[in-house]
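Listed here are the chains, written in short residue letters.
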Amino acid sequence: MLDATTRSGGTATASPPSAPAEIVVPASASLAARCTRALLSPWSRLSLLLVLLASAGAAVLLFEPQRLLTGGWPPALGGAAAAVVFAVAYGLCTVAFVPRPLLNLAAGALFGSQAGLASALAGTVLGAGLAFGLGRVLGQDALRPLLRGRWLRAADGQLSRHGFRSMLAVRLFPGVPFWAANYCAAVSRMKYVPFLVATALGSVPNTAAYVVAGARASAPTSPAFLIALACIALPALAGVVVAWRKRHHLRGR
């Protein structure tokens, strides 16, 4: 820019350009940004997941939900409300590594075959969804770089490419722990909806067998109880056979 000339007719002189203003970042803001990055890092989130799971396991050991089989449900609840509360408790217990067969037997013993099956299936899907969400948000980024072993890569590839079919097979043929399948699926690239649908469909036969067994436990010689036991044993045997036949395929990958 040119300075205005004087009234006496002096020549105009050019003023030097002004230096850009420096932006000063407060030290507190920089520290807060570093702390936020550290807290949101993959390993920090994985540590949080491990703390949550350990706390849930400790809570199970402390409160002993298996007492439902002998003590029954709180008498203040009844009907549909009790079944809904049981489904929520069922889902939370599966996240905390409580075995599903125990919960399914309790559902049958408390609510009978039909209401017990509906409550157990709702709790199964809820627990699977919670575990999948926790594993996906808190554990996937840290654990995916560790999938280097042959068996781990094979399982990850199967779940990522054929998620619905693979999860349906896992749910139909018992052998893989419920919580392990949930977190393995979360670490893979499986989509959320196929995971939940496959869990809901694949869990029906095994869940129904345990629920009926729990509902008919007072009559162990009844046909319904014996058929339920057969439906529990046969899929387990089929799962062992399938795993034995697939071992060579997995080793060859």
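See the structure shown above.
Residues numbered from 1 in each chain as written. Predicted model: local features only at pLDDT ≥ 70, side-chain atom pairs only at ≥ 80, totals over all residues. Heavy atoms only, no water.

Undergrad: Just give me the short version of the packing of aromatic side chains, but keep the residues and values in it.
TA: What the rule picks out here adds up to five aromatic pairs. Here Phe 86 and Tyr 90 contribute two aromatic rings whose centre-to-centre distance is 6.2 Å and whose plane-to-plane angle is 65°, an arrangement assigned as edge-to-face. With Phe 86 and Tyr 90 both in helix α4 (residues 79-95), this residue pair falls four residues apart, about one helical turn. The two residues Phe 86 and Tyr 90 agree in class, both being buried. Feature note: the residues Phe 86, Tyr 90 and Phe 111 constitute an aromatic cluster, connected by ring pairs. Above the ring of Phe 178, the side-chain terminus of Arg 100 is found at 5.0 Å from the ring centroid. (Phe/Tyr/Trp six-rings, centres within 6.5 Å; stacked < 30°, edge-to-face > 60°. Helix = DSSP H or I, 4+ residues; strand = E, 2+ residues; numbered from the N terminus. Buried < 20%, exposed > 50% of the residue type's maximum accessible area, 1.4 Å probe, protein only. Lys NZ or Arg CZ within 6 Å of the ring centre and 35° of its normal.)

Undergrad: Requested: an account of the packing of helix α7 (residues 163-172) against helix α9 (residues 192-202), with residues and values cited.
TA: Closest axis-to-axis distance for the α7/α9 pair is 8 Å, and the angle between their directions is 30°. One element, α7, and the other, α9, form an angle in the roughly parallel class. The interaxial crossing formed by α7 with α9 has right-handed handedness. For the pair formed by α7 and α9, the contact residues are Phe 164, Met 167, Leu 168, Arg 171 and Leu 172 on the first element and Pro 194, Phe 195, Val 197, Ala 198, Thr 199, Leu 201 and Gly 202 on the second. Across the contact of α7 with α9, the residue classes break down as nine nonpolar, two polar and one charged. (Axes fitted to C-alpha atoms, helices over the stretch in contact; angles between N-to-C directions. Parallel < 35°, antiparallel > 145°, perpendicular 65-115°, else oblique. Left-handed = near helix turned anticlockwise from the far one by under 90°. Contact = heavy atoms within 4.5 Å. Nonpolar A, V, L, I, M, F, W, Y, C, P; charged D, E, K, R; others polar.)

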